Amino acid sequence: MTRSTKQSEQLYERATRLMPGGVSSPVRAFRSVGGTPVYYREAEGAHFADEDGNRYLDFCMSWGPLILGHAHPAVVEAVCAAARRGLSFGACARPEIELAERVLKGFPSMERVRFVNSGTEAVMTAIRLARGATGRSRILKFEGGYHGHSDALLVKAGSGLATFGTSSSRGVPPGAVSETLVCPLDSQDALDEAFARFGSELAAVIVEPLPANNGLLEQRKEWLQHLRRLTTRHHVLLIFDEVISGFRFGYGGYGDMLGVGADLVTLGKIIGGGMPVGALAGSRAVMDELSPVGDVYQAGTLSGNPVSLAAGCATLDQLADGSVYRELEALGELLDRTLAELGGDLPWLRWRRCGSVFWLHLAEGEPPRAAGAIRPEAAERYNRMHGKLLERGVYLAPSAYEVAFLSAAHTEDDVRTLARELVAVLRQT
Ligand code: PMP
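Note that residues are indexed from 1 along each chain, following the sequence as it is written. Per-residue local features of the predicted model are confined to residues with pLDDT of at least 70, and side-chain atom pairs are confined, for both listing and counting, to 80 or more; whole-chain, interface and lining totals are unaffected and use all residues. The side-chain figures draw on all heavy atoms in the structure; neither hydrogens nor water molecules are used.

Visitor: Please provide a residue-by-residue account of the nonpolar core, values included.
Guide: Here the nonpolar core consists of buried residues drawn from Ala, Val, Leu, Ile, Met, Phe, Trp, Tyr and Cys, with membership extended through side-chain atoms lying within 4.5 Å. Only protein chains enter the area calculation, which uses a 1.4 Å probe; residues under 20% of their type maximum are buried, those over 50% are exposed, and those in between are partly exposed. The biggest cluster of nonpolar side chains holds 109 residues, and the ones touching the most others in it are Phe115, Phe142, Leu227, Met385 and Leu396. Only DSSP runs of H or I with at least four residues qualify as helices, and only runs of E with at least two residues qualify as strands; both kinds are numbered from the N terminus onward. Broken down by element, this core gets its largest block of residues, eight residues, from helix α10 (residues 306–319). Where each domain starts and ends follows an automatic or database-derived domain assignment. When residues are assigned to domains, this core turns out to be shared by domain 1 (6–71 + 322–426) and domain 2 (73–319), each giving three or more. Contacts between residues were defined by any pair of non-hydrogen atoms, one from each residue, lying within 4.5 Å. Among residues more than four places away in sequence, those in contact with methionine 385 are Leu360, Leu362, Leu396, Leu422, Val425, Leu426 and Thr429.

Visitor: Tell me about the site of the ligand, and please be specific about residues and values.
Guide: Every residue close to the ligand is listed here: Ser118, Gly119, Thr120, Tyr146, His147, Gly148, Glu208, Asn213, Asp241, Val243, Ile244 and Lys269. Pairs of N or O atoms within 3.5 Å make up the polar contacts considered here, provided that, within protein, one atom can donate a hydrogen while the other can accept it, and that residues adjacent in sequence are counted only when both atoms are side-chain atoms. In the model, a nitrogen atom of the ligand is placed 2.6 Å from a nitrogen or oxygen of the aspartate 241 side chain. Between the ligand and the protein, one listed contact pairs a nitrogen atom with a side-chain N or O atom of lysine 269 at 3.1 Å. When the ligand sits alone it has 390 Å² of accessible area, and the protein chains cover 81% of it. The criterion for a residue being near a molecule or strand is simple. One of its heavy atoms has to lie within 4 Å of it. Only the protein chains shown count as covering a residue, and every accessible area follows the Shrake-Rupley method with a 1.4 Å probe.

Visitor: Quick one: what's the story with the side chain of serine 8, residue by residue and with numbers?
Guide: Summarising the element assignment, serine 8 is placed in helix α1 (residues 6–16). Accessibility expressed as a relative area gives 3% for serine 8, which makes it buried. Looking at serine 8, its side chain comes within polar contact range of the main-chain nitrogen of tyrosine 39, at 3.0 Å.

Visitor: Explain the confidence of the model for the protein chain residue by residue, including any values.
Guide: Here pLDDT means the predictor's own confidence in every residue, given as a number from 0 to 100. In the predicted model, the protein chain carries a mean pLDDT of 97, and 100% of its residues have values of at least 70. Within the protein chain, no element has a lower average pLDDT than strand β7 (residues 163–164), which sits at 88, and none a higher one than strand β12 (residues 264–267), at 99.

Visitor: Explain the sheet that holds strand β5 (residues 138–142) to me, using residue names and the numbers behind them.
Guide: Here, any two strands with at least 2 DSSP bridges between them count as paired. The strand order across the open sheet formed by eight strands is β4-β13-β12-β11-β10-β5-β9-β7, and the pairing between neighbours is mixed. The two strands at the open ends of the sheet, each matched to only one other strand, are β4 (112–116) and β7.

Visitor: Give me the lowdown on the environment of phenylalanine 89, citing residues and values where you can.
Guide: Positionally, phenylalanine 89 belongs in the loop between α2 (73–85) and α3 (94–106). With 309 residues separating them in the primary sequence, phenylalanine 89 and proline 398 have C-alpha atoms 37 Å apart.

Visitor: Could you give an account of the domain arrangement of the protein chain, naming the residues involved and the relevant values?
Guide: Segmentation of the protein chain into domains returns domain 1 (6–71 + 322–426) and domain 2 (73–319). Inter-centroid distance (C-alpha atoms) of domain 1 to domain 2 is 25 Å. Carbon and sulfur atoms supply 63% of the area that domain 1 and domain 2 bury against each other, a total of about 2500 Å² over both sides. Whenever Lys or Arg places a side-chain nitrogen within 4 Å of a carboxyl oxygen from Asp or Glu, that contact is recorded as a salt bridge. Our count for the contact surface shared by domain 1 and domain 2 stands at one salt bridge. Mapped by element, the contributors of at least two residues to the side of domain 1 that touches domain 2 are α11 (323–343), β14 (351–354) and β15 (357–360). When residues are grouped by polarity, Ala, Val, Leu, Ile, Met, Phe, Trp, Tyr, Cys and Pro land in nonpolar, Asp, Glu, Lys and Arg in charged, and all others, Gly among them, in polar. Per-class residue counts for the side of domain 1 that touches domain 2 are 20 nonpolar, four polar and four charged. For any pair of parts, buried area is found by adding up, for both, the accessible area (1.4 Å probe) each one loses once the two are put together.

Visitor: So, the pattern of salt bridges: which residues are in play, and what are the values?
Guide: Overall, the coordinates contain 21 salt bridges when judged by the stated rule. Residues arginine 220 and aspartate 186 are paired through a salt bridge, measuring 3.0 Å at the closest nitrogen-oxygen approach. Taken together, the residues span a long stretch of sequence, with arginine 220 in the loop between β10 (202–207) and α7 (221–233) and aspartate 186 in the loop between β9 (180–183) and α6 (188–198) at a distance of 34 residues. Overall, the relative accessible area of 27% leaves aspartate 186 in the partly exposed class.

Visitor: I'd love a proper account of the sheet that holds strand β16 (residues 394–395), names of residues and values included.
Guide: Across the sheet, which stays open at both edges, the four strands sit in the order β1-β2-β3-β16 with mixed pairing between neighbours. Each having just a single partner strand, β1 (40–44) and β16 make up the two edges of the open sheet. Pairing of β1 with strand β2 (residues 47–50) involves four bridges; the strand directions are antiparallel. Bridged to glutamate 44 within β2 is histidine 47.

Right, dumping it as structure tokens:
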């Protein structure tokens, strides 16, 4: 079969005359995998149709929010009902309380939450809050961690164990990243060095407890525990960025599941059920540093938007009894088994999976735990494979460094289809 891509091509051509690179967010331009971006027309469950009428099984799922699948009836119903009552109030309204209760129920150690409009905003606010609460300015992040696109976090590592990075984007002045220290993941030595030198100057350490933005760089529990000990000892706030992992593996945070607690948590994606929402949560003492109680400023015209929050509430309600997580784990295990069965003889068919999140690292050996250990040939294989999978009706994220998501809408057959098509394509790649 050769797909027709005429409509997508024409739309993309039109888009490039209107928007930089034709897109609203860069990875969508398919630059690394090549080919024309697929133009989604409509989606339901685990499938979508593009503007040419091709149907695909989706394993990108809007990059994580859609744990229930596309256009889940209960979520769509809640959104429509909320929209009929008003699109935005810019004032106090019941949905804020309803989502706050649901979110805090999943994070028993957190006492207060503030809603914003994206993960980026949540992180940006958490960093400002940590600096305000501690009176310190330096922050530490990890190589390969993505925390949205606020200036202070657009930073790349130097070559030492712990370095003050340089900005990874033009337009970010050196001053904006001069207080941002970068360490490699998976290294206790790097942590020890960073804290020995800068521990008393750090306001916060930010980390995805399950790093999922540069592959799936699952960390050892002991490493996270070590980080927790060091931050506590040096009175540094530990921020778990759970924008992807929050409510993804259970009703709450990945850190709590591991038994490692944070001081602040940032959230997004699932708590908005596919609508724009972000949040940060923490203890009352820290969160009350935010205005209007404290004097760390933060605000938003559309923050606490009633339609977005209704989508979040409807989504969390579907997750509350835990059954979705058990089903997702079973689907994930089926994927492991089927891939091993069909492609066990391919030495470079390697992947890492945690619950409903998986990442293909198409190179021999154990998939890496640190950004520096990702093998270039793995990305090259992924890039060659991507377009061929599209031809077979399977849509993976258009970048080798992005993870894939299973949702409650995927069936066992969908998972078998993924494994079968993947292995078939890899045998020709
Ligand atoms: N933090 C993490 C861990 C993320 O995965 C992302 C987005 N992928 C962000 C922050 C930024 O979120 P948003 O794209 O909603 O601004």
